[in-house]
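Breakdown of the fold
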Amino acid sequence: MRVDELSACRARLEDFAGEVFTPLARADQRVKGGLYLRGLLLDGRRKSMQPMAGRLGVDHQQLQQFMTTSTWQVEAVRARLARRAVAVVRPQVWVVDDTGFPKDGVSSPAVARQHSGTLGKVGNCQIGVSVHAASDTASCPLSWRLFVPRSWDGPDAAGRRARCQIPDGESHRPKWQLALEMLDELAALRLRPAVLVADAGYGANAGFRHALEERGLAYALQVKGELTAHAASAEPYQPPYGGLGPRPLPRYRTRAVSLRDHVLAAGRERAVTVTWRKGSKAAMASRFVFLRVRLAGRRPKPAADGVIGLVHLIAQWPEDEAEPVKYWISNLPPDIPARDLVRLAKSRWRIEHDYRELKTTLGLDHFEGRSFTGWHRHVTLVSAAHLFLTEQRTCPKAPARA
């Protein structure tokens, strides 16, 4: 925002900051929180603390102290933001994903040479995992976690961990487990997604899928065509008991085959054209094959009678392609319309829109602090700035206080 644009909505921003920073115990903390928010919103190439302080006309040490050594708890601010974001966005789905933060050195918390989808290769970076509320017209982050690589665990990393103030309880966990932790944290606030969507990095993980099912969450997850499944018609049988040892469990006689093979066997003639939303230039449409399958893989979850439950298999098979190009699975009800199934599965695009705006406009990846807590404070306040902008776009004349 330009200075004049920020001045025009100054009252709404102060009202917004007044609510978001209510959990901060001291008045000076609430003031500095508002300053940081203004710094993120003001136009400027860099949104690290010194350039922001220069644009705000304050000593950068005020911002640095607020982000690194002040005693406020980020969780309470994050909770207020999440409740408010859900009320503003009115999400059809929640999206789970992760994004990379390239770094030149080795001193930032949890930085390592690791694969980043943002970079498209292995590079020196941090990786943040996030959960976003999304509709067709708006989206906003609800929570963040910094991924801790294995190289930051163990005695050899003790010095680095101490310098970055990484708490003892923070150790390496897979990204999908960090996502589950955030979902549980949000559930404790009585916030639950109608449908959860994610890319194949999460959808291909059986542990993640089972955990969602155990929590009673609906999902539409992208997967790889190599994932295996039984056909809907497959039935388990009970092997005879030989009288020695434990009784054998029910099993399927048929061999599980890949999702790709299931769709190819169904044939191109099973594909139907589905239009799922309006794009910026034209309606978004493609051809899809819809099947019901029983997922196998390494860790299927059969019932006591050995039956593996049915899920939707959605395969995008454009007319000019020799085989399907994308696959999704979903545990949504069997009678859901095809258009709704595709629309929900395709909703993940909103998180890429968020990451782009968070980085290019609000400085998500500009934080230069060295502390674990500081990183989480920065991404939370960037999310607050993003939510404020989202509110101005969706209801620019409404008062900021919910």
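Throughout what follows, the structure given in this document is the object of discussion. (Residues numbered from 1 in each chain as written. Predicted model: local features only at pLDDT ≥ 70, side-chain atom pairs only at ≥ 80, totals over all residues. Heavy atoms only, no water.)

**Comments concerning the packing of aromatic side chains**
For any two aromatic rings, the description comes down to two numbers: the centre-to-centre distance and the angle of the planes. Counted under the stated rule, the structure contains 9 aromatic pairs. Ring plane angle 45° and centroid distance 6.3 Å describe the contact between Trp-144 and Tyr-355, whose orientation is recorded as tilted. With Trp-144 in strand β4 (residues 139–146) and Tyr-355 in helix α13 (residues 349–360), this pair connects stretches of sequence that are 211 residues apart. Across the pair, Tyr-355 and Trp-144 agree in class, each one buried. (Phe/Tyr/Trp six-rings, centres within 6.5 Å; stacked < 30°, edge-to-face > 60°. Helix = DSSP H or I, 4+ residues; strand = E, 2+ residues; numbered from the N terminus. Buried < 20%, exposed > 50% of the residue type's maximum accessible area, 1.4 Å probe, protein only.)

**Concerning the pattern of salt bridges**
Within this structure, the stated rule accounts for 22 salt bridges. In this structure, Glu-14 and Arg-10 form a salt bridge, with 3.1 Å as the shortest nitrogen-oxygen distance. Here the residue Glu-14 and the residue Arg-10 both occupy positions in helix α2 (residues 10–20), the gap between them amounting to 4 residues, near one helical turn. Given the relative accessible area of 49%, Glu-14 is considered partly exposed. The partner of Arg-78 in a salt bridge is Glu-185, and the shortest N-O contact between them spans 3.4 Å. (Salt bridge = Lys/Arg side-chain N within 4 Å of Asp/Glu carboxyl O.)

**Topic: empty space enclosed by the protein**
On inspection of all chains with the given rule, the structure shows 2 cavities of 30 Å³ or more. In this structure, the largest cavity encloses a volume near 50 Å³. Together, Phe-101, Lys-103, Ser-108, Pro-109, Gln-126, Leu-364, Asp-365, Phe-367, Gly-369, Ser-371 and Trp-375 line the largest cavity. The computed volume of the second largest cavity comes to approximately 40 Å³. Those elements giving two or more residues to the lining of the second largest cavity turn out to be α6 (74–89), β4 and α14 (372–394). Sorting elements by how many residues they give to the lining of the second largest cavity places β4 first, with 4 residues. Of the residues assigned to the lining of the second largest cavity, the class counts are 5 nonpolar, 3 polar and 1 charged. (1 Å grid on protein atoms, 1.4 Å probe; cavity = no way out; pocket = protein on both sides within 12 Å on 5 of 7 lines; lining within 4 Å. Points joined across faces, edges and corners; volume = space filled by probe spheres on them. Nonpolar A, V, L, I, M, F, W, Y, C, P; charged D, E, K, R; others polar.)

**So, the environment of Ile-166**
Checked against the element boundaries, Ile-166 lands in the loop between α7 (158–163) and α8 (175–187). The class for Ile-166 is buried, based on a relative accessible area of 6%. On a C-alpha basis, the gap between Ile-166 and Cys-9 in space is 38 Å, while along the polypeptide they are 157 residues apart. Among all residues touching Ile-166, those that are not within four sequence positions of it are Pro-109, Ala-110, Trp-152, Arg-161 and Phe-372. (Contact = heavy atoms within 4.5 Å.)

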